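# A closer look at the structure
Chain by chain, the residues:
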Amino acid sequence: MSKVRPSLFAVAAANLCMMACTEQRHEVPVEPPVQFQRVSADTVSHGKRIADVLGCTGCHGSDLTGEDWSEPGFGKLWTANLTRAVPRYSDEQLVRIIKEGARPDRDLWEMPSHLFTHLTNDDMAALVAFLRTQPPTGPVRPEPVFEEGARQEIAAGTFTSSRAQVKEKATVWPPDVGRDHAVGRYIVRGTCAECHGLDLRGGQPHAQAKPRPDLRMVAAYDLEQFKRLLRTGKAAGDRELTLMSDVARGRYKHLTDTEVEAIHRYLQKVAEAAS
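Source: prediction; values computed, not measured. (Residues numbered from 1 in each chain as written. Predicted model: local features only at pLDDT ≥ 70, side-chain atom pairs only at ≥ 80, totals over all residues. Heavy atoms only, no water.)

With that settled, the discussion passes to the side chain of threonine 79. Counting through the fold element by element, threonine 79 comes out in the loop between strand S1 (75-76) and helix H4 (82-85). At a separation of 2.8 Å, a polar atom in the side chain of threonine 79 contacts the main-chain carbonyl oxygen of cysteine 59. Once you skip the residues sitting within four places of it in the chain, threonine 79 turns out to touch Cys59, His60, Gly66, Glu67, Trp69 and Arg141. (Helix = DSSP H or I, 4+ residues; strand = E, 2+ residues; numbered from the N terminus. Polar contact = N/O pair within 3.5 Å; in protein donor to acceptor, adjacent residues only side chain to side chain. Contact = heavy atoms within 4.5 Å.)

Below, the structure is given as structure tokens:
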């Protein structure tokens, strides 16, 4: 009895089935989310680290009860006592206040909300969760009082509210150097851009301030030097920097090694693209 040879159609169908099964076994690489690294499964712990890195605990104090940033002749300005303010609002309202630079009753001042407009839902939820863990303590801080110096700058348009800055800068991003550097760009927008500008060019924010350098200068730092700067505040040549050293020791020491490496790669690429 002769054997029945399979048809060409049957052979082709079998081959396609084998190919499909093989393809199903291949896992599609999952890109890491463009947000702060989640080093803790605990949402509150994640939010605490974000609050440190973004400067919440720097401007509002380590206990978040607010600090006096007044300047004689310019104005009486306090950061809010967040332990008293946060319970007055829903989570949705808090997110809007942080991202839009305004409370329901008035604009905020000196709050860098324009840097936070693109924080992810996960990072924002963690930040709000952390803020809600703080027990109310200390006094409610006074509303801002603008003196002659502030009134003159407001009239000249050189001192603007947080809401006005959000309106102007909410959609502005630092240079785009590709998807591979999206995480570094995201972190830099919420941190470094506060002093160095959203274009990262630095400059002098106001007449009394010292000029800030163009961050393309990071090309001169290798990774270990850059890590040392962000961990200890010590610049190349063991130099102490007036503002950056304090910011590094207070805020950037809370960045993970992975985040510092992402920032370094991003800024190196920005410098390379500009050369």
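Turning our attention to unusual backbone geometry. The backbone of leucine 200 sits at a positive phi, close to 65°, despite the residue not being glycine. If you trace the backbone, leucine 200 turns up in the loop between helix H10 (193-196) and helix H11 (223-232). Accessibility expressed as a relative area gives 1% for leucine 200, which makes it buried. With a phi close to 60°, aspartate 238 is a non-glycine residue in the positive phi region. Within the fold, aspartate 238 resides in the loop between strand S3 (234-235) and strand S4 (239-240). (Buried < 20%, exposed > 50% of the residue type's maximum accessible area, 1.4 Å probe, protein only.)

Next up on the list: the environment of alanine 129. Position of alanine 129 relative to the elements: it lies in helix H6 (residues 121-131). For the pair alanine 129 and aspartate 91, spaced 38 residues apart in the sequence, the C-alpha separation amounts to 8.6 Å. Once you skip the residues sitting within four places of it in the chain, alanine 129 turns out to touch Thr43 and Val44.

Under the defined criterion, the tally for this structure stands at five aromatic pairs. With centroids separated by 4.8 Å and ring planes inclined at 65°, the aromatic side chains of tryptophan 109 and phenylalanine 146 adopt a geometry described as edge-to-face. Of this pair, tryptophan 109 sits in the loop between helix H5 (91-100) and H6 while phenylalanine 146 is found in strand S2 (residues 145-146), placing the two residues 37 residues apart along the sequence. With a relative accessible area of 23%, tryptophan 109 lands in the partly exposed category. Note on phenylalanine 146: relative accessible area 22%, which makes it partly exposed. Ring geometry for phenylalanine 146 against phenylalanine 159: centres 6.2 Å apart, planes inclined by 80°, an arrangement best described as edge-to-face. Separated by 13 residues along the polypeptide, phenylalanine 146 in strand S2 and phenylalanine 159 in the loop between helix H7 (148-156) and helix H8 (162-169) bring together distant segments of the chain. Residue placement shows arginine 189 over the ring face of tryptophan 173; its charged tip is 5.2 Å from the ring centre. (Phe/Tyr/Trp six-rings, centres within 6.5 Å; stacked < 30°, edge-to-face > 60°. Lys NZ or Arg CZ within 6 Å of the ring centre and 35° of its normal.)

What follows covers helix H2 (residues 43-54). Over its 12 residues, H2 runs 16 Å from end to end, which matches the ideal 16 Å to within 8%, given 1.5 Å per residue. If you check which residues of H2 are buried, you get His46, Gly47, Arg49, Ile50, Ala51, Asp52, Val53 and Leu54. In the core, the buried residues of H2 are packed alongside helix H3 (56-59), H6, helix H9 (182-190) and helix H13 (257-274). Immediately beyond the C-terminal end of H2, within one or two residues, lies glycine 55, with a positive phi of roughly 100°. (Expected span 1.5 Å × (residues − 1).)

Our next topic: the nonpolar core. Counting residues in hydrophobic clusters, the biggest one holds 45 residues, and the most contacted among them are Phe36, Phe226, Leu255 and Leu267. Residue assignment for this core shows that the elements contributing at least two residues are H2, H5, H6, H9, H11 and H13. (Core = buried A, V, L, I, M, F, W, Y, C linked by side-chain atoms within 4.5 Å.)

If you trace the backbone, leucine 108 turns up in the loop between H5 and H6. Overall, the relative accessible area of 13% leaves leucine 108 in the buried class. In sequence terms leucine 108 and glutamate 143 are 35 residues apart; their C-alpha atoms lie 10.0 Å from each other.

Right, let's talk about the confidence of the model for the chain for a bit. Overall, the prediction assigns the chain a mean pLDDT of 90, with 87% of residues at 70 or greater. pLDDT under 50 marks residues 1-5. Its contacts with residues more than four places away, or in other chains, come to zero contacts. (pLDDT = per-residue confidence, 0-100.)

A word on the pattern of salt bridges. Tallying each qualifying case throughout the model produces 21 salt bridges. Salt-bridge contacts for glutamate 240 lead to lysine 234; the nearest nitrogen and oxygen are separated by 3.1 Å. The partly exposed category is assigned to glutamate 240, whose relative accessible area is 43%. Judged by relative accessible area, lysine 234 falls into the partly exposed class, the value being 25%. A network of salt bridges, in which partner residues are shared, links Arg103, Asp105, Arg106 and Glu143. (Salt bridge = Lys/Arg side-chain N within 4 Å of Asp/Glu carboxyl O.)

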